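# Examination of the molecular architecture
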Amino acid sequence: MSKDTEQFTFVNSDTSKPYSLVDVGPYLPDDWRDQLLQTAVDFRRDVEVMPSSTSRHDEDGPFRMGLVDGLALREAEPWIFELYHGVLKDLASLALGAQLVAAQSDEYGVILNVLDAEKDDNYETHVDSNGATVVLGVTEHEEGGELIMSVDPEVRGYFDSLSDSAIAIPPKVGQAVIFDGTDKPHYVQLPSSGTRVTAVFNYYTSQAPEQDRPAELSHAIGLDSEVGKKGMLWHK
């Protein structure tokens, strides 16, 4: 545990919730939000998310959205990887009570998810192959934009955010949502207007190590040149 997090307290202290909230603003550069919003504009690429072993949809897809992969993000904003390997990993480890390991590949270690209401983007319901996920809010929205999570591991499709098993978490600028998504199907509600931008940090655990990451995920995120040319992605 780093000295920076020794006296840290989380926004929500209810340990019964399947996620933790943390204000990471004190650990970010003064103009971090402007930087990431500009990076989302400059480096966004449109991708088609195809169903995979972590999907929780019955239909074939594809699901279209925008993203900035970790390689472009590292070039534009190197500070975000210092956060990823440092204090944010410590905070997520504290929240989940587990030792976390950063991804070996920067390409999917940290990404920007970009959902544009005008482009009719959408986001697939899925579970994560990595044992810890941190979602940092870069934008806020008057309506929509929530991370919709279910504590029912068997739920499929776009389940109702008002159902008994569902939790809706609106994005807040500078606030990170920390959770283990391996058994919690989740998707993102498209905002009613504007563009939703979040930074997503993926970590691995002993229960969900990186070597168990499905092979097709790396293939379709663009590590294969032909897939990269087509702009297709298998989500984290």
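Residues numbered from 1 in each chain as written. Predicted model: local features only at pLDDT ≥ 70, side-chain atom pairs only at ≥ 80, totals over all residues. Heavy atoms only, no water.

### Side note on the overall build of the protein
Looking only at helices and strands, the protein has 7 helices and 12 strands in total. The burial tally for the protein puts 54% of its 236 residues in the buried class. Partitioning the intrachain contacts of the protein with sequence separation of at least 6 by distance along the chain shows that 81% fall at a separation of at least 24. Carbon together with sulfur atoms contributes 45% to the accessible area of the protein, which is approximately 10900 Å² in total. (Helix = DSSP H or I, 4+ residues; strand = E, 2+ residues; numbered from the N terminus. Buried < 20%, exposed > 50% of the residue type's maximum accessible area, 1.4 Å probe, protein only. Contact = heavy atoms within 4.5 Å. Areas by Shrake-Rupley, 256 points an atom, 1.4 Å probe, with all protein chains shown as cover.)

### Looking at empty space enclosed by the protein
Tallying each qualifying case throughout the model produces 3 cavities of 30 Å³ or more. Taken as a whole, the second largest cavity spans an internal volume of roughly 80 Å³. Surrounding the second largest cavity, 12 residues form its lining, Asn113, Tyr123, Val135, Leu147 and Val188 being those nearest its centre. Mapped by element, the contributors of at least two residues to the lining of the second largest cavity are strand 6 (132–137), strand 10 (186–188) and strand 11 (195–204). If one sorts the elements of the lining of the second largest cavity by residue count, strand 11 sits on top with 3 residues. (1 Å grid on protein atoms, 1.4 Å probe; cavity = no way out; pocket = protein on both sides within 12 Å on 5 of 7 lines; lining within 4 Å. Points joined across faces, edges and corners; volume = space filled by probe spheres on them.)

### Focus on the nonpolar core
If you look at soluble globular proteins, the nonpolar side chains tend to sit buried side by side. Within the largest apolar cluster, 36 residues are counted, with the highest numbers of intra-cluster contacts made by Val24, Leu36, Ile80, Tyr84, Val134, Phe201 and Tyr203. Of all the secondary-structure elements, those providing two or more residues to this core are helix 1 (32–43), helix 2 (70–76), helix 3 (79–85), helix 4 (87–96), strand 5 (110–116), strand 6, strand 9 (175–179) and strand 11. Aside from chain neighbours lying at most four places away, what touches Leu36 is Leu73, Glu77, Trp79, Ile80, Leu112 and Val138. (Core = buried A, V, L, I, M, F, W, Y, C linked by side-chain atoms within 4.5 Å.)

### Thoughts on the confidence of the model for the protein
For the protein, the mean per-residue pLDDT works out to 85, and 81% of the residues sit at or above 70. Note that residues 220–236 has pLDDT below 50 and, in this model, 54 contacts with residues that lie over four places away or in other chains. (pLDDT = per-residue confidence, 0-100.)

### Quick notes on the pattern of salt bridges
Overall, the coordinates contain 5 salt bridges when judged by the stated rule. Linking Asp46 and Arg44 is a salt bridge whose minimum nitrogen-to-oxygen distance equals 2.5 Å. The salt bridge partner of Arg45 is Asp69, with a shortest N-O separation of 3.4 Å. With Arg45 in strand 2 (residues 45–49) and Asp69 in the loop between strand 3 (63–68) and helix 2, this pair connects stretches of sequence that are 24 residues apart. A residue is classified by how much of its surface remains accessible, and Asp69, at 12% relative accessible area, is buried. What emerges from the salt-bridge pattern is a single network uniting Arg44, Asp46 and Asp121. (Salt bridge = Lys/Arg side-chain N within 4 Å of Asp/Glu carboxyl O.)

### A closer look at the sheet that holds strand 8 (residues 166–169)
Read across the open sheet, the 3 strands follow the order 8-7-10; overall the sheet is antiparallel. Whereas interior strands pair on both sides, the edge strands pair on one side only; in this sheet they are strand 8 and strand 10. Put simply, the sheet's adjacent strands are angled 20° from each other on average, direction ignored. (Pairing = 2+ DSSP bridges. Axes fitted to C-alpha atoms, helices over the stretch in contact; angles between N-to-C directions.)

### Considering the packing of aromatic side chains
Under the criterion given, the structure shown has 5 aromatic pairs. Pairing Phe81 with Tyr84 gives two aromatic rings, centres 6.0 Å apart and planes at 85°, and the pair type is edge-to-face. Here Tyr84 and Phe81 lie together in helix 3, a separation of 3 residues that amounts to about one turn. Both residues of the pair, Phe81 and Tyr84, belong to the buried class. Among the aromatic residues, those joined into a ring-pair cluster are Phe81, Tyr84, Phe201 and Tyr203. The aromatic ring of Tyr108 is capped on one face by Arg213, whose charged end is 3.6 Å from the ring centroid. (Phe/Tyr/Trp six-rings, centres within 6.5 Å; stacked < 30°, edge-to-face > 60°. Lys NZ or Arg CZ within 6 Å of the ring centre and 35° of its normal.)

### Remarks on the pairing of strand 7 (residues 147–150)
On any regular strand, side chains alternate: one points to one face of the sheet, the next to the other face. Because side chains alternate across strand 7, one face comprises the buried residues Leu147 and Met149, and the other comprises Ile148 and Ser150, equally buried. Sheet topology note: the strand 7/strand 8 ladder contains 4 bridges and is antiparallel. By the bridge assignment for strand 8, Ile148 is matched with Ala168. Sheet topology note: the strand 7/strand 10 ladder contains 3 bridges and is antiparallel. Looking at strand 10, one finds that Met149 is bridged to His186.

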